[in-house]
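# Commentary on secondary and tertiary structure
In case you want the letters, here they are:
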Amino acid sequence: MKTLKKFIPMAILIVVGLFVPTVLKSQFYMQSAIYVVIYMYWASSWNILGGYTGLFALGNGVYIGVGAYVTAVLFVYCGITPWIGMIIAGLVAGLLSVLIGYPVFKLKGMYYSLASIALMSVFELIFNNEMEIFGVYTGGPNGLRFPVTGRALDMQLSSKTSYYYLVLALLVIVLLFSDYIQNSKTGFYFRSIRANQDAAASLGVNVLKYKLTAHFISAFFTAVGGAVYVTTFLYVNAKQVFGMDLSFSMVLFCILGGANTLWGPVIGALLMVPIQQALRVAAGVELAALSSLIYGLALCLVMLFMPDGLLGAIKKLIAKRKTATVAPLAAAVTDAGQGGAEDE
Amino acid sequence: MSDNVILEVQNVTKRFGGLVAVNDVSFKLHNVEILGLIGSNGAGKTTLFNMIAGAYPPTEGKIIFKGREIQGMRSDNVCHLGIGRTYQICQPFGAMTVRHNVMVGAFSRYKKRSEAAEKANEVLEKVGLYYRADALGSELTLPELKRMEVARALATEPEVLLLDEVIAGLNPTEVDIFVDLIREVKEREKLTIIIIEHVMRAIMNLSDRIVVLNQGIKISEGLPAEVAADPLVIESYLGGGQ
């Protein structure tokens, strides 16, 4: 019964997700839908690191870029299909995240966040200014174009709708994985590190190992998303994938929806991406600054009045209602999202 | 007697810059005993705990657990070897339920979630906190927090348990309940315990032996009655009766 209940939101996501293309007829809306879903996916990937484990990385876009470039180079020069390329890209990004994480985890709090931004900026500079990297032509500011084959085998799908289904499938995978992690030993260790790493260590948690694990998982998923993202354009350049925009957006959507919860990142992106797009369209080129201003204001308000994100605020509201009737149950309800009771 | 030693602290010194927090301290801990560690604020009691539990290495000296040198070992490894600890200032995982807090400890011995949950329930039952298992760590009162600290440490199935002021801050009734609880747990689990405490009634009552620290130096060691009568202890810690 309990497990059944848990899968209801997932079922809703899949069913609604599958029906979206029948409602959205135009290419523009389909592209928007792809954005919404891929941001849900990235925000969920970041959630494993920033939400569950509490490692506030602000430059995780670097793994989108690494995923994108590795996939592009493998396809352009080695003819390796992005279907395989994206997995290799994920592994490369994961490895990079561990290599970087090792020294960076000596830094705490703000310094860790700053280091993650610095890393991304370095990658952006290198990929934007160097025409060749390790002897491989990556095009610098011109970027790198995928040869058009039009074959599904090369992840070159016939319509936006097909790409949409692809990113939807990725989203479902990352959510299922997150749910699995959250309820496993690893997830408990992530959350204990987030809460208090010294106390966690004294209870037998190898803090460095689990921080690196979180880093690897998050980087892997982020990079796979980056691979698919650029394949939809058949083009990659440094500004597009290493920019601050992507990195900050995934963090913001996750926090707005509710970090450290399974559905927070999904809700955050579902609300904010359309608002962002609508504001951009409504304000036009002349008033581009205005859309950013309204967007920023909305962010401030949510942060002020809903510090635990939208999902957190809703949970609190439900808990309050229940307290009025059955006080002791409130705590259990508040924690319902984290796996429920275990009265064996 | 000597083969009965489970933990030995040998000439341990800890310097923080110019400050000598612990100065050439040695003592032995026998199997299934309760050793009281007392001394005024800043005597180096918690520093000693931190070194045994692996929070930081001693500047000099050895710490030997079951014949193995463990000084400088990482705290999670020390935990796996069988030394559990609580913190003087409770360190709950506030956003997690009490059961989940304790499960973090249990996961050091059990891989599966269901087994860890079972262990957590068992330990919570033991320390009398089961009725709060679904409350959040941040919602507990001080006595409940102290129980949770003990429960988390017990869930790691230690052989040696380091209790850092688990009684301080409780009211007299709770103190008695806690003294009984500690003794009960020790007997049932065949635990060896070092306890830091300021509540004299509790420490005299609980301890098989007592070690007294003053400004980082061990000034006395012995049975509770002996230590309480030691003029040096009376002067430096219990308060000189002029």
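Relevant structure appears above.
Residues numbered from 1 in each chain as written. Chains lettered and ligands numbered in written order. Predicted model: local features only at pLDDT ≥ 70, side-chain atom pairs only at ≥ 80, totals over all residues. Heavy atoms only, no water.

### Considering the interface of chain A and chain B
- On the chain B side, the residues contacting the 28 residues of chain A number 32 residues.
- Both faces combined, the contact of chain A with chain B buries some 2600 Å², and carbon together with sulfur accounts for 55% of it.
- Remark: the boundary between chain A and chain B carries 0 salt bridges.
- On the surface where chain A and chain B come into contact, there are 7 residue pairs in polar contact (both at pLDDT 80 or more).
- Of all the elements in the fold, those that place two or more residues in the side of chain A that touches chain B are α7 (185–195), α8 (197–202) and α15 (330–334) of chain A.
- Ranked by the residues each element gives to the side of chain A that touches chain B, the list is headed by α7(A), at 6 residues.
- Partitioned by chemical class, the residues of the side of chain A that touches chain B number 11 nonpolar, 10 polar and 7 charged. (Contact = heavy atoms within 4.5 Å. Buried area = accessible area lost by both parts, 1.4 Å probe. Salt bridge = Lys/Arg side-chain N within 4 Å of Asp/Glu carboxyl O. Polar contact = N/O pair within 3.5 Å; in protein donor to acceptor, adjacent residues only side chain to side chain. Helix = DSSP H or I, 4+ residues; strand = E, 2+ residues; numbered from the N terminus. Nonpolar A, V, L, I, M, F, W, Y, C, P; charged D, E, K, R; others polar.)

### Some remarks on helix α4 (residues 82–104) of chain A
- For α4(A), built from 23 residues, the straight-helix expectation of 33 Å at 1.5 Å per residue is met to within 8% by its first-to-last C-alpha distance of 31 Å.
- Among the structural elements, α3 (61–78), α5 (110–129) and α9 (207–233) of chain A are those in contact with the buried residues of α4(A). (Expected span 1.5 Å × (residues − 1).)

### Describing a nonpolar patch on the surface
Residue and element names in this part refer to chain A.
- On the surface, Ile14, Val15, Leu18, Phe19 and Tyr165 cluster together to form a nonpolar patch covering roughly 440 Å² of accessible area.
- It is helix α1 (residues 2–23) that contributes the most residues to the nonpolar patch, 4 residues altogether.
- You can see valine 15 is positioned in helix α1. (Patch = residues over 30% accessible without salt bridge, like charges linked within 9 Å, V, L, I, M, F, W, Y side chains within 5 Å. Areas by Shrake-Rupley, 256 points an atom, 1.4 Å probe, with all protein chains shown as cover.)

### Description of the pattern of salt bridges
- Inspection of the entire model under this criterion finds 21 salt bridges over all chains.
- In this structure, the salt-bridge partner of Lys239(A) is Glu124(A), at a minimum N-O distance of 3.0 Å. Linking Lys239(A) in helix α10 (residues 238–242) with Glu124(A) in helix α5, this pair joins segments that are 115 residues apart in sequence.
- The exposure class assigned to Lys239(A) is exposed, which follows from its relative accessible area of 52%.
- Residue Glu124(A) is classed as buried on the basis of its relative accessible area, which comes to 18%.
- Between Arg151(A) and Asp154(A) there is a salt bridge whose closest N-O contact spans 3.1 Å.
- Residues participating in the shared-partner salt-bridge network are Lys119(B), Glu122(B), Lys126(B), Glu157(B) and Glu189(B). (Buried < 20%, exposed > 50% of the residue type's maximum accessible area, 1.4 Å probe, protein only.)

### Focus: the pairing of strand β8 (residues 192–196) of chain B
Residue and element names in this part refer to chain B.
- The buried count for β8 comes to 5 of 5 residues, which makes it a mostly enclosed element.
- Along β8, one buried face is formed by Thr192, Ile194 and Ile196 and the opposite face, lined by Ile193 and Ile195, is buried too.
- One ladder, built from 4 bridges, connects strand β3 (residues 34–38) with β8; its direction is parallel. Across the sheet, the residue bridging to glycine 36 is isoleucine 195, located in β8.
- When strand β7 (residues 160–164) meets β8, the two strands line up parallel, connected through 5 bridges. Residue pairing across strands places valine 160 opposite threonine 192, the latter belonging to β8.
- Handedness of the β7-helix α6 (residues 172–189)-β8 crossover: right-handed. (Pairing = 2+ DSSP bridges. Right-handed = clockwise from strand over helix to strand, strands pointing away.)

### Thoughts on the packing of aromatic side chains
Residue and element names in this part refer to chain A.
- Taken as a whole and assessed by the stated rule, the structure comprises 23 aromatic pairs over all chains.
- Relative to tryptophan 42, the ring of tyrosine 39 has its centre 5.8 Å away and its plane inclined at 75°; by these criteria the two rings are edge-to-face. Here tryptophan 42 and tyrosine 39 lie together in helix α2 (residues 27–52), a separation of 3 residues that amounts to about one turn. One exposure class covers both tyrosine 39 and tryptophan 42, and it is buried.
- Ring centres of tyrosine 189 and tyrosine 210 lie 4.9 Å apart, and the angle between their planes is 75°; this geometry places the pair in the edge-to-face category. Pair noted here: tyrosine 189 is in helix α7 and tyrosine 210 is in helix α9, with a separation of 21 residues, a long-range link.
- Tyrosine 189 gets classed as buried once you look at its relative accessible area, which sits at 2%.
- Taken together, Tyr39, Trp42, Tyr229, Phe233 and Phe253 form an aromatic cluster joined through their ring pairs. (Phe/Tyr/Trp six-rings, centres within 6.5 Å; stacked < 30°, edge-to-face > 60°.)

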